[in-house]
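# Survey of secondary and tertiary structure
What follows is the residue order along each chain.
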Amino acid sequence: MREEAMTQKLEAKSAEERLERLRHSAAHIMAEAVLEMFPEAKIGIGPPIDTGFYYDFSLPRALTPEDLPVIEEKMRQSVKSDVPFAHEEISKDAARKLFAEQPYKLELIDDIENEAVSLYKHGGFVDLCQGPHVERTGQVQAFKLMNIAGAYWRGNERNPMLQRIYGALYETEEELQSHLEQIEEAFRRDHRRLGRELDLFSFHEEYGPGLVYWHPKGGRVRTIIEDFWREEHYKHGYELVYSPHIGRSSLWETSGHLDFYKESMYSPMDVDGQDYYIKPMNCPFHIQIYNSGLRSYRELPIRLAELGTVYRYERSGVLHGLMRVRGFTQDDAHIFCRPDQVKEEIERCVDFMQLFFRAFGFEQFHVFLSTRSPEGNYAGSVEDWEMATSVLREAIQDRGLPHDVDEGGAVFYGPKIDAKLLDNLGREWQCTTIQFDFNLPQRFDISYIGEDGREHRPYMVHRALLGSMERFFGVLIEQYGGAFPLWLAPVQAVVIPIADRHIEYANTVADALRQAGLRVEVDIRAERMQAKIRDAQLQKVPYMLVVGDREAEAGAAAVRLRSGDDLGAMKLPELIARMQAEVEERG
RNA sequence: GCCGAAGUGGCGCAAUGGUAGCGCAAGCGAUUUGUAAUCGCUAGGUUGGGGGUUCGAUUCCCUCCUUCGGCUCCA
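Residues numbered from 1 in each chain as written. Chains lettered and ligands numbered in written order. Predicted model: local features only at pLDDT ≥ 70, side-chain atom pairs only at ≥ 80, totals over all residues. Heavy atoms only, no water.

Our next topic: the overall build of chain A. Scanning chain A from terminus to terminus reveals 18 helices and 28 strands. Over its C-alpha atoms, taken along the principal directions, chain A stretches across nearly 85 × 75 × 65 Å. Of the contacts formed within chain A by residues at least 6 apart in sequence, a portion of 70% connects residues at least 24 apart. Across chain A, the 70 positively charged side chains and the 97 negatively charged ones have centroids separated by 2 Å. (Helix = DSSP H or I, 4+ residues; strand = E, 2+ residues; numbered from the N terminus. Contact = heavy atoms within 4.5 Å. Lys, Arg positive; Asp, Glu negative; His and termini not counted. Charge placed at Lys NZ, Arg CZ, Asp CG, Glu CD.)

This paragraph deals with the nonpolar core. Counting 66 residues, the largest nonpolar core has Ile346, Phe360, Phe436, Phe473, Leu476 and Phe484 as the members making the most contacts within it. By residue number, the principal contributor to this core is helix α11 (residues 342-359), which donates nine residues. Not counting the four nearest positions on each side in its chain, Phe436 is found in contact with Val342, Ile346, Met387, Ala388, Leu392, Tyr413, Gly414, Pro415, Tyr459, Met460 and Val461. Judged by nonpolar contacts, the second largest core, of 31 residues, contains Ala26, Leu63, Phe125 and Ile165. (Core = buried A, V, L, I, M, F, W, Y, C linked by side-chain atoms within 4.5 Å. Buried < 20%, exposed > 50% of the residue type's maximum accessible area, 1.4 Å probe, protein only.)

With that settled, the discussion passes to the protein's contact with RNA strand B. Neighbouring RNA strand B are 57 residues, the closest being Tyr152, Arg324, Gln430, Arg534 and Glu551. Taking all atoms of RNA strand B within 4 Å of the protein, the share assigned to sugar and phosphate is 51%. The side chain of Arg192 places a nitrogen or oxygen atom 2.8 Å from a phosphate oxygen of RNA strand B. Residue assignment for the surface near RNA strand B shows that the elements contributing at least two residues are β7 (142-152), β8 (161-170), α6 (191-197), β16 (327-337), β20 (428-436), α16 (529-538), α17 (549-554) and β27 (556-561). (Near = heavy atom within 4 Å. Polar contact = N/O pair within 3.5 Å; in protein donor to acceptor, adjacent residues only side chain to side chain.)

The element β16 is largely enclosed, with a buried count of eleven among its eleven residues. Of the two faces of β16, the one carrying Gly327, Thr329, Asp331, Ala333, Ile335 and Cys337 and the one carrying Phe328, Gln330, Asp332, His334 and Phe336 are both buried. Two elements, strand β15 (residues 302-311) and β16, share ten bridges in a ladder whose sense is antiparallel. In the strand pairing of β16, Val310 is matched with Phe328. Note: β16 against strand β23 (residues 459-468), seven bridges, orientation antiparallel. Its bridge partner lying in β23, Cys337 is registered against Tyr459. (Pairing = 2+ DSSP bridges.)

Let us look at the sheet that holds strand β13 (residues 269-271). With respect to topology, three strands assemble into an open sheet ordered β12-β14-β13, the strand pairing being antiparallel. Only two strands of the sheet have a single neighbouring strand rather than two, namely β12 (246-248) and β13. Across the sheet, the mean angle from the axis of one strand to that of its neighbour is 40 degrees, orientation sign disregarded. Two strands pair when backbone bridges link them, and β13 and strand β14 (residues 274-278) are joined in this way by three bridges, in the antiparallel orientation. Bridged to Met269 within β14 is Tyr276. (Axes fitted to C-alpha atoms, helices over the stretch in contact; angles between N-to-C directions.)

A turn of α-helix holds 3.6 residues, and therefore any two residues three or four places apart point the same way. Helix length check: α11 (18 residues) gives 26 Å between terminal C-alpha atoms against 26 Å at 1.5 Å per residue, within 8%. Just downstream of α11 lies Gly361, where phi reads positive at about 80 degrees. (Expected span 1.5 Å × (residues − 1).)

Here we take up the packing of aromatic side chains. Under the criterion given, the structure shown has 26 aromatic pairs. When the centroid spacing of 6.0 Å and the interplanar angle of 85 degrees are considered together, the rings of Phe201 and Phe203 count as edge-to-face. Here Phe201 falls in the buried class, since its relative accessible area comes to 5%. Centroid distance Phe357 to Phe362: 6.3 Å. Interplanar angle 65 degrees. Geometry classified as edge-to-face. Residue classification places Phe357 among the buried positions, given a relative accessible area of 1%. Relative accessible area serves as the criterion here: at 5%, Phe362 is assigned to the buried category. Connected via pairs of aromatic rings, a cluster forms that spans Phe228, Tyr238, Phe352, Phe356, Phe357, Phe360, Phe362, Phe365, Phe472 and Trp487. Directly above the ring of Tyr290 sits Arg295, whose terminal nitrogen or CZ lies 5.3 Å from the centroid. (Phe/Tyr/Trp six-rings, centres within 6.5 Å; stacked < 30°, edge-to-face > 60°. Lys NZ or Arg CZ within 6 Å of the ring centre and 35° of its normal.)

Moving on to the domain arrangement of chain A. You can read the domains of chain A as domain 1 (12-179), domain 2 (193-243 + 279-480) and domain 3 (493-584). With centres defined by C-alpha atoms, the gap from domain 1 to domain 2 works out at 40 Å. (Domains from an automatic or database assignment.)

A few words now on the sheet that holds β27. Strand order across the open sheet formed by five strands is β25-β24-β26-β27-β28, with mixed pairing between neighbours. With one partner strand each, in any of the chains shown, β25 (520-522) and β28 (566-571) form the two edges of the open sheet. Within this sheet the neighbouring strands show an average axis-to-axis angle of 25 degrees, counted without direction. Here strand β26 (residues 543-547) pairs with β27 via four bridges, running antiparallel. Looking across to β27, one finds that Met544 is bridged to Arg560.

Now for a nonpolar patch on the surface. Taken together, the side chains of Met146, Ile183 and Leu425 present a nonpolar region at the surface, about 220 Å² in accessible area. Summarising the element assignment, Leu425 is placed in the loop between β19 (416-422) and β20. A relative accessible area of 46% places Leu425 in the partly exposed class. (Patch = residues over 30% accessible without salt bridge, like charges linked within 9 Å, V, L, I, M, F, W, Y side chains within 5 Å. Areas by Shrake-Rupley, 256 points an atom, 1.4 Å probe, with all protein chains shown as cover. Salt bridge = Lys/Arg side-chain N within 4 Å of Asp/Glu carboxyl O.)

The next thing to look at is the environment of Thr64. With respect to the element layout, Thr64 can be found in the loop between β3 (52-58) and α2 (67-81). The class of Thr64 is partly exposed, set by a relative accessible area of 29%. Sequence separation between Thr64 and Glu157 is 93 residues; the distance between their C-alpha atoms is 23 Å.

A few words on the pairing of β27. The buried fraction of β27 amounts to five of the six residues, a majority that puts the element mostly inside the structure. Bridge analysis of β27 against β28 gives five bridges, and the strand direction is antiparallel. Across the sheet, the residue bridging to Val559 is Gly568, located in β28. Linkage of β27 to β28, two consecutive antiparallel strands, is achieved through a turn of four residues, within which Gly564 is found at a positive phi near 100 degrees.

Another aspect to go through is the packing of helix α7 (residues 216-235) against α11. The relative placement of two packed helices is expressed as an angle between their axes plus a distance between the axes. Interhelical geometry of α7 versus α11 gives an angle of 150 degrees and a closest axis separation of 12 Å. The orientation of α7 with respect to α11, classified from their angle, is roughly antiparallel. In terms of crossing hand, the pair formed by α7 and α11 is right-handed. Between α7, through Phe228, Trp229, Glu232 and His233, and α11, the contact on the second element is made entirely by Phe352, Leu355, Phe356 and Ala359. (Parallel < 35°, antiparallel > 145°, perpendicular 65-115°, else oblique. Left-handed = near helix turned anticlockwise from the far one by under 90°.)

Set out below in structure tokens:
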């Protein structure tokens, strides 16, 4: 059994590796094709990625979508010629001569530490490349060029921008097709589309891009999420607070935001000749609440939580539906605690995060531990950082959460754990963040009186678990494809009277359900039952309750589920009990 | 912010220099129906904003705004 699992693992690994080779090889074949079209092209890099490959080029003109089929056709010819990939090692000097016309390659050569550099050659194309590749171009079969995009050389915005061509590649044509279908499906499940179709939210770009308008149905879902959130926070020892939306410039000077965060803050407004700023973060306010009285070590930990709405300037090109907006509500909290409490507090945060993810049906999330880099300017002592980093690491390791370490990814004021959720195109969106703050306690000089009667500096942990209501809702919509589970569904049931004479009974059914705390609508339009069912299906309403003569007679409703299942006629008490149980278990 | 593409009734689309159309949705009327679209009629657009070329611009040019796909940056 063990051995079998082992073999399977090895096979899986080698399949993955083979796919990587194929993708990487396709990138070379694409570069060959592009060079054929533009002999003067300067080539960047072309790695495999998790759905295919890309290659970056500097070209004499902008590519258009019409170029892609042409390039793809040239690639197919190269595939057809089925030439071998040959590996070679040459000296750096020889490589510099070989790539004399390729400035980006020269730059890469300069960064290689070895004396010898590795080349891969196929047909007339040679690339500076570690490999590995497949044996022959003919092995590259199931691919498709997808889109053109701009990308800075080496990902640095001070560098020139190159043109990137993305391609999809899979082992087989079937897998490629299923990937393409998946993209289609993702389009159907896009939260921006569903937001409109299900009447959840809107944007009004002419009155401000990146600003969300929550409609009644989106508002319903948000309220349910928030109510659950508040209830759980009280259960978990948090106190809920409310803080102002604006604060005088002196606050942001003390906090350091005007030094370090100004480019994300909106211009100040004048209030009685003083500059006030709209808040990009809640922390300085929570610190004031902490600081409003003398704190004893006995009071700690103090956990202040707030659904705090913040506004941040985001560069115009980065806005994206609900996922990236300019005004959003964080499920923020700041924990002030003693050194001996730090470990437990962090563990509680990680557990709490998992409680929420489970409640909302997220199985998949990607955890990162962000640490300091050896050099760089950081607030707090090295000892504090070491302690904090190991506490964070242990908390996720103890819970068996696989994670990646982002070395140097920490903000200047402390190390952190982040968790990202995936949208349905596999793009990751950071939601949870649990971070130490060694900066603000010092800047605001906060303290508590210890057992020894002296002042001590508390540790401060900043955390948002869902991240922001907007982003979390966006991911949630995609996660469920708009078909929210019963406890979250804005409309849980639609009562469908078959003919007008059934409207009265339909209303009594709806009232009975409403009395039981369920969210119900009655479809009284002069439409046929079939049309009403169809519309309820499209609105992804979990329960459709058809009522006609038979049901009115029996005090029942014919229950159809969103899945298409027909449960037949159910007596109202039975139906209500069923639905309540489903809500209760958050199904 | 950068590279590229796009913007036409609420939504999805058509029209290539010569009178802006279609489907869905909406409103009205008829129909009263048993598990995914009943029929008919009506209304709705200074074609994202501004400027230019032209006798004439949805169409060509410039500019700004916004969106989309990336890059960079972030909850």
